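One-letter residues, chain by chain:
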Amino acid sequence: MSDPVTVDCWSRLRRHTAARIALGRAGGSVPTRELLAFNADHAAARDAVRAPFAAAQIAAALRPLGSEVFLLESAASDRPTYLQRSDLGRQLSAASSAELLAWLSRNDGYSCDLVILVCDGLSAQAAEAQAPLVLAALWPRLLEAGWKLAPLCIGRYGRVALMDEVGAALRARFALILLGERPGLGTPDSLGAYLEAAPQPGRTDAERNCVSNIRPSGLAPVLAAEKIFALLTAARGCGFSGVRLKEGEDSISALGSAEQPDAPQQLKSHRNMPS
């Protein structure tokens, strides 16, 4: 008996990508196995968005880095509120703001080069799985390069712009946030990293750089740490971040001339994207 599934002539290309290509067909529909795989991936993405964030466990896993750790909250009171009110995810709660200001007061106006914030974003699974691996590779390199680091911050219900308030509160010259990206079908564990110079409320996406798709099947966490470090080093050298930082094949440079103040960013493996 012949196979009822008509195989797509591109099917041999599937081994090179996780993208949904060359699915074949059964009559006028996709094969049952592909429909079931789609439903399973869709369920995994929904679970990733809704799952709670194990902030205390992340803090415990990161304390061996040697940093003091803050557990922070955004202005969103719970996960459903966070998903419906993205604006609240960009603001610190009153209690967390007070905690940072009190710490700063106790430390006599402490200032630092960089504050790093880990948040759940739209996939707590991604933050829990990838952020410790990225920081294990990145943190020692930063210390070796002479960066003065603020206490590590772990935040629940955080969007990208939460880094603005945290960075401004701790008077950091630069801010970096690691948070779960919006899950795609088959990619519920993808982490994004955003960095910016002179963090303060009101910063735009054009003033940030992003390294995305950080996961074992995408950009490996160790390689992502190298890219983040290169971007931070370039940003520290020129004093700015965002679209004026350009990555070539082997290095990252700044486009800061008067003739090209807003030259477009050309990035090979990371991009600016809102969250």
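Residues numbered from 1 in each chain as written. Predicted model: local features only at pLDDT ≥ 70, side-chain atom pairs only at ≥ 80, totals over all residues. Heavy atoms only, no water.

Caption draft 1: Structural context of the environment of A61. Its place among the elements puts A61 in helix α2 (residues 55-62). Taking the C-alpha atoms as reference, A61 lies 9.6 Å from E128; in sequence the two are 67 residues apart. (Helix = DSSP H or I, 4+ residues; strand = E, 2+ residues; numbered from the N terminus.)

Caption draft 2: Here's a closer look at the sheet that holds strand β6 (residues 208-214). Taken in spatial order, the six strands of this open sheet run β1-β3-β2-β4-β5-β6, and their pairing is mixed. Pairing within the sheet leaves two strands with one partner each, and these edge strands are β1 (69-73) and β6. Direction aside, the axes of adjacent strands within the sheet are offset by 20° on average. Note: strand β5 (residues 191-197) against β6, five bridges, orientation antiparallel. The residue of β6 that forms the bridge with L191 is I214. Those strands touched by α2 are β1, β2 (112-121) and β3 (152-156), and its axis lies near 165° from that of β3. Against the sheet, helix α7 (residues 221-238) makes contact with β2, β4 (172-180), β5 and β6, and its axis sits at roughly 175° relative to β6, the strand it touches most. (Pairing = 2+ DSSP bridges. Axes fitted to C-alpha atoms, helices over the stretch in contact; angles between N-to-C directions. Contact = heavy atoms within 4.5 Å.)

Caption draft 3: Structural view of the pattern of salt bridges. For the structure on display, the rule yields eight salt bridges. Among the ionic pairs, D87 bridges to R85, the shortest N-O distance being 2.8 Å. Each of D164, E196, D205 and R208 takes part in a single network of salt bridges with overlapping partners. (Salt bridge = Lys/Arg side-chain N within 4 Å of Asp/Glu carboxyl O.)

Caption draft 4: How the structure looks around the nonpolar core. Of all hydrophobic cores here, the largest spans 41 residues; its most connected members are L114, V118, L142, I154, L176, L178 and I228. Those elements that provide at least two residues to this core are α2, β2, α5 (124-144), β3, β4, β5, β6 and α7. Once you skip the residues sitting within four places of it in the chain, I228 turns out to touch V134, L138, L176, L178, A193, L195 and V211. Counting 25 residues, the second-largest nonpolar core is a separate cluster that includes L104, A150, V166 and L170. (Core = buried A, V, L, I, M, F, W, Y, C linked by side-chain atoms within 4.5 Å. Buried < 20%, exposed > 50% of the residue type's maximum accessible area, 1.4 Å probe, protein only.)

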